[in-house]
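Each chain is listed here by its residues.
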Amino acid sequence: MTLTTLLLSETNRKVTFRRRGKGEPLVLIHGVGMQSAAWAPQIAEFAKHYCVIALDMPGHGGSDPLPTESQLTDYVAWCRATLEDLNIAPVNLVGHSMGALIAGGVAVSYPHLVRRIALLNAVFRRDEAAKAAVKARAAEIRNGKVDLETPLARWFGDEDAKARAQVAMWLSAIDVDGYATAYGAFAQGDAIYARRFAEIACPCLALTGEGDPNSTPAMAQAMADTVQDGVAITLPGHRHMVNLTAVADVNAQLRTWLKRPIHQKEMQ
């Protein structure tokens, strides 16, 4: 599937994305170091009944980066501008990892743009040890040290050699500056919108892998408990890249989520 390019009217920055299917819009945002191609199993499944749009996050795939030192709020503003220029809102919005942080920020700040929200392998209110570890990794990346094996081991363990090889290829191709900017925002972003999650009224799915050490089942449950209409799902035997390693289970949970009713007040 070829990439489509959009020039944002506010900034003239390029956004690339993959679009397939017709119907109610389903927008997918990947995590740090990945690209829209990482959603291939979900695009293939949901394009049968939905208009699926998988975005390349700034500085990833073909999308222009945001300025150095940009924070999560800037990525949320980027997503808002993209949805407005695509003229498809309100959308069903799915984010993975940092993409989930962006999706959560959009749901909090621009609820009129969102029908439903799904947060896959999201972080939520890290403890002090986790904060210190992720900030240290961000500093290393900012200083030019890009370690591929450590995140791969953390994300996969002994899971799915084929998916691991594919993810390794995407990580190897990443623009280091765009990666560093995004990772810095990711490291600082887990609490920015967390205090306002109780404002999220649309149907929310919080899903993670049982063995994900950083986007933990406890975090998923806390998110589901905080929003007004939340469900938490933990997939046994999986870690961070669940949309690639647990395709059937993830797609089944997304199908259920997409059928959850939206109250009229949520669409106003």
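Going by the structure above, here's the rest.
Here's what I pulled together on the structure shown here. (Residues numbered from 1 in each chain as written. Predicted model: local features only at pLDDT ≥ 70, side-chain atom pairs only at ≥ 80, totals over all residues. Heavy atoms only, no water.)

## A short note on helix α3 (residues 98-109)
In step 1: Here α3 is 12 residues long and its end C-alpha atoms lie 17 Å apart, about the 16 Å a rise of 1.5 Å per residue gives.
In step 2: Among the 12 residues that make up α3, 11 are buried, leaving the element largely enclosed by the rest of the structure.
In step 3: Looking only at α3, the buried set comprises Met 98, Gly 99, Ala 100, Leu 101, Ile 102, Ala 103, Gly 104, Gly 105, Val 106, Ala 107 and Val 108.
In step 4: On the buried face of α3, the contacting elements are β3 (25-29), α2 (72-86), β5 (91-96), β6 (114-120) and α7 (176-188). (Helix = DSSP H or I, 4+ residues; strand = E, 2+ residues; numbered from the N terminus. Expected span 1.5 Å × (residues − 1). Buried < 20%, exposed > 50% of the residue type's maximum accessible area, 1.4 Å probe, protein only. Contact = heavy atoms within 4.5 Å.)

## Re the sheet that holds strand β8 (residues 230-235)
In step 1: One open sheet accounts for 8 strands, arranged β1-β2-β4-β3-β5-β6-β7-β8; its pairing is mixed. Looking at which strands have only one partner, the edges of the open sheet turn out to be β1 (4-7) and β8. Taking each pair of neighbouring strands and ignoring which way they run, the sheet shows an average axis angle of 20 degrees.
In step 2: Examined bridge by bridge, strand β2 (residues 14-20) and strand β4 (residues 51-55) share 4 bridges and lie antiparallel to one another. Looking at β4, one finds that Arg 19 is bridged to Ile 53. (Pairing = 2+ DSSP bridges. Axes fitted to C-alpha atoms, helices over the stretch in contact; angles between N-to-C directions.)

## Some words on the environment of Pro 90
In step 1: Inspection of the secondary structure assignment puts Pro 90 in the loop between α2 and β5.
In step 2: Judged by its relative accessible area of 18%, Pro 90 falls in the buried class.

## Considerations on helix α5 (residues 149-156)
In step 1: Those residues of α5 that sit buried are Pro 151, Leu 152, Arg 154, Trp 155 and Phe 156.
In step 2: Buried residues along α5 sit in contact with α4 (128-142), α6 (161-172), α7 and α9 (242-245).
In step 3: Gly 157 occupies a position one or two residues after α5 and carries a positive phi of about 60 degrees.

## Focus: the pattern of salt bridges
In step 1: Within this structure, the stated rule accounts for 11 salt bridges.
In step 2: Between Arg 80 and Glu 84 there is a salt bridge; the shortest N-O distance is 3.2 Å. Separated by 4 residues within a single helix, Arg 80 and Glu 84 lie in helix α2, roughly one turn from each other.
In step 3: Between Glu 128 and Lys 131 there is a salt bridge; the shortest N-O distance is 3.5 Å. Of this pair, Glu 128 and Lys 131 both sit in helix α4, 3 residues apart, which is roughly one turn of that helix.
In step 4: Several salt bridges share partner residues, and in doing so they unite Glu 10, Arg 80 and Glu 84 into one network. (Salt bridge = Lys/Arg side-chain N within 4 Å of Asp/Glu carboxyl O.)

All quantities given are derived from atomic positions and should not be read as evidence of function.
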